[in-house]
Amino acid sequence: PPTSFPFLENYIFSLKKRPFFIGLKKGAKKAVPNLWVKKWGRVAPPKGGIKKTCPEAKLPKDRRKKTMMNIWHDIAPERIKSDDFVACIEISKGGKNKYEMDKETGMLKLDRVLYTSTHYPANYGFIPRTYADDNDPLDVLVLCSEAILPMTLVKCYPIGVIKMIDSQSIDEKIIAIPDRDPNYNAYRDVNSLPRHILDEIMHFFSVYKMLEGKETIVKELCGRDVAIDIVSKCIKAYEDKFGDEQN
């Protein structure tokens, strides 16, 4: 190979009958190899090969978990208001599988199949960035003319709330309407709904755990203003509990 051209930036030589380019470091006093580049322009691998790492692996260990999204926490706060919020569906209307959010991952897990011969009378889920008295996100029933798939986000507004006792603990379930369902979005308060819809919901929550040996007591059904106050309270409780650690 040519060796007497110090002013050339690159020159070609043959190594085991394979042509390579060798570059010289700028400002070097002698020909010091800088990059080994294959004929088609790719950097030749260093000794020991290339370590394949994902971008997350370059992050500090205390930040790596933040790369996995958790819908309970990782949603813009302005999308969760007391009178207008995004609900995350866990259980479709008509289902018997009791899915619930896994708090660590934000994924859905199967808690159980209902023991009784009943099914959920409405789409059921939770409101992100809320913290209820049972140490879970606030429950929500989304009344809709169609079954909504689990893990679907639905823009809703509250029209009422069911107050009940579950395993001797206070349990509140918001009743909400999707903005974009024309069969329901004319309703603005729970008291304007057909009475049978409410009777079916209240009956379901009074018996759905009976064959598990657990008692649930439906105490009362309240209107829109009470529901808005409860959502607001649970948003404030979330902020007090988690602060900015999830942002």
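Here we summarise the structure given alongside this text. (Residues numbered from 1 in each chain as written. Predicted model: local features only at pLDDT ≥ 70, side-chain atom pairs only at ≥ 80, totals over all residues. Heavy atoms only, no water.)

### Considering the overall build of the protein
Each helix and strand counted, the protein has 3 helices and 12 strands in total. Across the protein, contacts joining residues at least 24 apart in sequence account for 60% of those joining residues at least 6 apart. Accessible area for the protein stands at about 15500 Å²; split by element, carbon and sulfur atoms hold 54% of it. (Helix = DSSP H or I, 4+ residues; strand = E, 2+ residues; numbered from the N terminus. Contact = heavy atoms within 4.5 Å. Areas by Shrake-Rupley, 256 points an atom, 1.4 Å probe, with all protein chains shown as cover.)

### Focus on helix α3 (residues 224-242)
Count 3.6 residues to each turn of an α-helix, and residues three or four apart come out pointing the same way. Its 19 residues give α3 an end-to-end C-alpha distance of 27 Å, which sits within 8% of 27 Å, the value for a rise of 1.5 Å per residue. Looking at the buried side of α3, the elements it contacts are β4 (80-81), β5 (84-91), β8 (123-127), β9 (138-142), β10 (153-166) and β11 (169-178). Phi turns positive, to about 55 degrees, at glycine 243, one or two residues after α3. (Expected span 1.5 Å × (residues − 1).)

### Digging into the pattern of salt bridges
Enumeration over the complete set of coordinates arrives at 15 salt bridges. We note a salt bridge from lysine 103 to aspartate 136, for which the minimum N-O separation is 2.6 Å. Placement of the pair is lysine 103 in the loop between β6 (97-101) and β7 (108-113) and aspartate 136 in the loop between β8 and β9, with a sequence separation of 33 residues. Looking at lysine 103, the relative accessible area reads 40%, which means it is partly exposed. (Salt bridge = Lys/Arg side-chain N within 4 Å of Asp/Glu carboxyl O. Buried < 20%, exposed > 50% of the residue type's maximum accessible area, 1.4 Å probe, protein only.)

### What to know about the environment of lysine 163
For lysine 163, the position within the fold is in strand β10. Of the residues examined, lysine 163 reaches a relative accessible area of 23% and is grouped as partly exposed. For the pair formed by lysine 163 and isoleucine 217, sequence separation is 54 residues and the distance between their alpha carbons is 8.8 Å. Among all residues touching lysine 163, those that are not within four sequence positions of it are Asp171, Glu172, Ile217, Val218, Lys219, Glu220, Cys222, Val226 and Ile230.

### A closer look at the side chain of glutamate 172
Tracing the backbone through its elements, the reader meets glutamate 172 in strand β11. Excluding residues that lie within four positions of it along the chain, glutamate 172 makes contacts with Asp133, Leu138, Asp139, Val161, Ile162, Lys163, Ile230 and Lys233.

### Some points on the pairing of β10
Counting buried positions along β10 gives 10 out of 14 residues, so the element sits mostly inside the fold. For β5 and β10, the ladder comprises 4 bridges, and the chain directions are antiparallel. When the sheet's bridge partners are listed, cysteine 88 is paired in β10 with leucine 153. Here β10 pairs with β11 via 10 bridges, running antiparallel. Of the residues in β11, the one forming a bridge with aspartate 166 is serine 169. Here β10 folds back onto β11 in antiparallel fashion, the turn holding 2 residues, of which serine 167 has a positive phi close to 55 degrees. Sheet analysis places β10 next to strand β12 (residues 216-222), joined by 6 bridges and oriented antiparallel. Bridge assignment links valine 161 to a residue of β12, and that residue is cysteine 222. (Pairing = 2+ DSSP bridges.)

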